[in-house]
Amino acid sequence: MDLEASGSRSPGPHISTDLWAGFQQALDAPPHVYNDVDGVITSIRKTAESSLSPEIRAFVESMRRATDVTDFGLSFGYKDLSCHPKGSREPILSHISGSIRRGALTAIMGGSGAGKTTFVNVLMGKAECTHGEIQINGVPDKLKRYKKLVGYVPQDDIVLPDMTVYENIHHSARIRLPREWGDNDVRAHVESVINCLELAHIKDSMVGSIGKPTISGGQRKRVSIGMELAAAPMAIFLDEPTSGLDATAASSIMRTLKAIARLGISVVVIIHQPRVEIFDMIDDLILLANGQQLYEGPEANVRPFFERLGYTFPKHANLGDVVTDIITGNGRAYKQEGDISKDGLVAHWRTSRYAAASGNEGGDIAGDGDALASGTSTAVPSRAPSPPPPALETIMSARLDSLESGADGPRTHEMAKGSSGTSSTNRRTRSEVPDVRPDSPSRSRSRSRFRDRTLSIASVRESVRESVPVFFPQPVNPQRAIMLQYLKKRGASRLKQMRLCLSRALLQQSRDFPTLFFELGLAALAGSLLGLAENPKAGVLFLAPYYPPYDVLSVSMDVKSAPEMALLTAIAIGLVSSAPGVRFFSEEMLVQRREAEAGHSRLAYFVAKNVSVLPRMMLACLHFTTPLFLLSVPIIPWWVAFATNLFYFYCIYGLASCVSMVAKRESAPLLATMTSLIIGILSGGAPSLNSVKTWHLEWLWRMSPGVWLAEIYFGQLVNPLRHIYDVHLASRLVGFDLEGTGRNLGVLVAIGTIYRIIAFVGLVKAKKMRV
Ligand SMILES: Nc1ncnc2c1ncn2[C@@H]1O[C@H](COP(=O)(O)OP(=O)(O)OP(=O)(O)O)[C@@H](O)[C@H]1O
């Protein structure tokens, strides 16, 4: 069964209608008009919002509380953006100008290497441009400041497989929402996100991995989107949100994204060769090639734009495919003669932009009111022509008429696209979006609410006429100061994040019982085998000459057994713990990077992960040390052996963390095992530390925790016999000190900690995610 398809129709637990369509219901809402004119438009907004379902209204209210502004959402304006990193021969982006409207679904398209990722990184404040100007909500500003208000959904659904849908989203919310929010507030927001994403019926299901899925691909994508919406973002960027999904799931995701945009959140997607129904849902398009624009404007205008350049669109061809072919320089099938190169398209866009800016008739485009691009004397109109927004009266009349006649009313973007009505593409979109509630009670309620309000709306029309109705995007400058102030309070403190990450890590471990069982079993087996190997010696691991004058009675000498036992112990612990140690970080590396780039504290995560593993490490050490001691009966006090082994486990886990930062997930366990074997061999047992000293390489051996473990074992096994044997002679022969157990334990802790510091540096410096 297609879970995604069934999921899109299943209601949440407290939602009465079985026709609930989540966020998509917002697509049927009347236009959302902003701009407060003596409270007049506010009443219209309230009217618009009253037709939304209670779940979506709860989400909108929650968003307002999280952002502390009434009209959440970000619009971006950019002028002449150029990025030319050092070492790169060509600029990655050059002369990009335009805008991204608040509340619009904007798609960025281009061939491989066109600069889409870099452009999105710039808009998200993750990368800086070498040149250009940027406006946020109509005000020149630094994008970095708004990072906490921006969500990013990577192409691969990077979620924790052994956590439920609710837990994945809830964790993100608790880390990123305003810190003064109580548990109930966070829970309510998460519930509203889950309901609106139609995940309520699977909220307690484990997410599962791609190899072992427990929910469908479309649902995983929704979880991934939910993790961002949980943080109440004002803009959300998605890298190929439909890739890998079947047609139904892909359309459903895009409709959801479009509805989210309608609520005010700016949605920007990177998309490749979209299917026609997906292409039709896009409001605005930004087409890139070779790091430069070749089109920016409404999706509805892209076809006429290319037709003016001589391209013909076959009757039944997929518009998305044709556009992709054209912008990658493969448009010969659609233009028999003339230039079809990407450079030609880029040059055309640039010249027509400048022609339009200078008022030249030949200009192919005209500015559309983008504040940055057209609001100043130096402005460069940067978008293809958007028909002027219709008057508010037209919109309200159309909406009221449509409600009277029972037809679906025009949507905001459709109106913004042209007073002439909806474009053909948008008509297609609407007809393909199933009207899930043709005669539903909520629809009738919404109609009657509208009728009731007709009078009051009619009475305010006159006063509204004086003002210019503003549709998306709406600069929210007056609210900017409040928003920036509020941004500082976003996100849990580092200490709280540590606590949250710790409880999550412990929960994960408690669910991974088979692995723990296997690890403890392996530790017990290794300890038993080593104990059996040492058992015939009955704990006598040292023999040396007697002191004079009894030295002539000495029968034999054995100074190697103690270092050898230490060597075998080090190797066994290395084998037992390196693979589990590497799992902790390498399996979650992508999740960690996603979280870190979303603003989670790396330090909190790292410390919590390391703390969470301590009980497991102690259990493994107990299972290793106990059989070893019972079978080999050495003369070392049990607690000293336990502490020594435990600190060596600590070192191996630390070393495994370092390996997981540099090695690929598949090769990390093998590499960690090999590394632990090497440091085990460098324990001074064979070759002896004395020989190493003669090679002047003691410093190298001393860098290995193995040598400190061996020195403790040697001292503990030999020193108690000092009244019988010449232990100093033995010490000189082997090269180990007899004293300093406490110091050596301290060194082991220090080495383990140094490994962790190196691992943390690796975590911070590790390659960033693709976007
Ligand atoms: N930091 C950098 N230094 C030098 N060149 C870079 C850097 N980052 C990206 N590039 C280059 O810039 C070009 C655009 O890269 P970008 O990742 O933005 O393209 P893209 O459109 O996202 O491609 P794709 O769809 O294949 O991911 C590529 O040729 C890439 O190799």
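These numbers were taken from a predicted model, which means no experiment stands behind them. (Residues numbered from 1 in each chain as written. Predicted model: local features only at pLDDT ≥ 70, side-chain atom pairs only at ≥ 80, totals over all residues. Heavy atoms only, no water.)

Section: the sheet that holds strand β2 (residues 93-100)
Read across the sheet, four strands follow the order β2-β1-β4-β5 without closing on themselves; strand pairing throughout is antiparallel. Bordering the open sheet on either side are β2 and β5 (139-140), each of which pairs with just one other strand. Relative to strand β1 (residues 76-83), helix α4 (residues 116-123) is tilted by about 125 degrees, and along the sheet it contacts β1, β2 and β4 (131-136). (Pairing = 2+ DSSP bridges. Helix = DSSP H or I, 4+ residues; strand = E, 2+ residues; numbered from the N terminus. Contact = heavy atoms within 4.5 Å. Axes fitted to C-alpha atoms, helices over the stretch in contact; angles between N-to-C directions.)

Here we look at helix α30 (residues 727-734)
Listed as buried for α30 are V727, A730, S731 and V734. One face of α30 carries all of its buried residues, which in axial projection span an arc of 100 degrees. In the core, the buried residues of α30 are packed alongside α21 (561-586), α27 (689-694) and α29 (705-718). Following α30 by one or two positions, G735 adopts a phi angle in the positive range, close to 100 degrees. (Buried < 20%, exposed > 50% of the residue type's maximum accessible area, 1.4 Å probe, protein only. Arc of directions from axis to C-beta.)

Side note on the side chain of K335
Mapped onto the secondary structure, K335 falls in the loop between α11 (319-327) and α12 (342-357). Although K335 lies buried, it forms no salt bridge, and the closest oppositely charged side chain, D339, sits 6.6 Å away as judged by the N-O distance. A polar atom in the side chain of K335 sits 3.1 Å from the backbone oxygen of L309. (Lys, Arg positive; Asp, Glu negative; His and termini not counted. Salt bridge = Lys/Arg side-chain N within 4 Å of Asp/Glu carboxyl O. Polar contact = N/O pair within 3.5 Å; in protein donor to acceptor, adjacent residues only side chain to side chain.)

Digging into the sheet that holds strand β3 (residues 105-110)
Sheet architecture is open: six strands sit in the order β6-β7-β8-β3-β9-β10, paired in mixed fashion. Strands at the two margins of the open sheet, each flanked by one partner only, are β6 (150-153) and β10 (292-298). The average undirected angle you get between the axes of adjacent strands in this sheet is 15 degrees. In the packing of α11 onto the sheet, contacts are made with β3, β9 (284-289) and β10, and the angle to β3 comes to roughly 45 degrees.

Here's the deal with the UniProt feature "transmembrane region" (unreviewed entry) in the protein
Using the residue numbers shown here, the UniProt feature "transmembrane region" (unreviewed entry) corresponds to residues 565-585, 619-640, 646-663, 670-689 and 745-764. Counting secondary structure, residues 565-585 comes out at 100% helix and 0% strand; the distance between its end C-alpha atoms is 31 Å. From the first C-alpha to the last, residues 745-764 spans 29 Å; its make-up is 100% helix and 0% strand. (UniProt positions renumbered as here; feature names shortened; annotations may be inferred.)

Overview of unusual backbone geometry
The omega torsion across A686 and P687 is 0 degrees, close enough to zero to call that bond cis. If you trace the backbone, P687 turns up in the loop between α26 (668-681) and α27. Unlike most non-glycine residues, N290 shows phi in positive territory, near 50 degrees. Along the chain, N290 falls in the loop between β9 and β10. A positive phi angle is found at V633, which is not glycine, with a value near 35 degrees. Mapped onto the elements, V633 comes out in the loop between α24 (614-632) and α25 (638-662).

As for the environment of L655
Turning to its location among the elements, L655 is positioned in helix α25. Taking the relative accessible area as the measure of exposure, L655 reaches 9% and is therefore buried. For the pair formed by L655 and A672, sequence separation is 17 residues and the distance between their alpha carbons is 7.4 Å. If we ignore the near neighbours within four places in the chain, the residues touching L655 are T675, S676, I679 and Y755.

Things to note about the environment of S209
Considering the arrangement of structural elements, one finds S209 in the loop between α6 (183-196) and α7 (217-229). Separated by 50 residues in the primary sequence, S209 and V159 have C-alpha atoms spaced 8.3 Å apart. Setting aside chain neighbours within four positions, we find S209 in contact with P161 and R220.

Structural notes on the pattern of salt bridges
Applying the stated rule across the entire model yields 25 salt bridges. R262 serves as the salt-bridge partner of D283, at 3.1 Å between the closest nitrogen and oxygen. Taken together, the positions of D283 in the loop between α9 (276-281) and β9 and R262 in helix α8 (residues 247-262) put the pair 21 residues apart, joining distant regions of the chain. Both residues of the pair, D283 and R262, count as buried. Of the charged contacts in the structure, one is a salt bridge between E307 and R303, with a shortest N-O distance of 3.0 Å. One end of the pair is E307 and the other is R303, both in helix α10 (residues 302-308) and four residues apart, which spans about a single turn.

What to know about the state of the cysteines
What we call a disulfide is simply a covalent bond connecting the sulfur atoms of a pair of cysteines. Under the defined criterion, the tally for this structure stands at one disulfide. Each sulfur of the disulfide joining C83 and C129 lies 2.5 Å from the other. The sign of the S-S torsion, about -65 degrees, decides the handedness of the disulfide formed by C83 and C129: left-handed. Of the two residues, C83 sits in strand β1 while C129 sits in the loop between α4 and β4, which places them 46 residues apart along the sequence. (Disulfide = S-S within 2.5 Å.)

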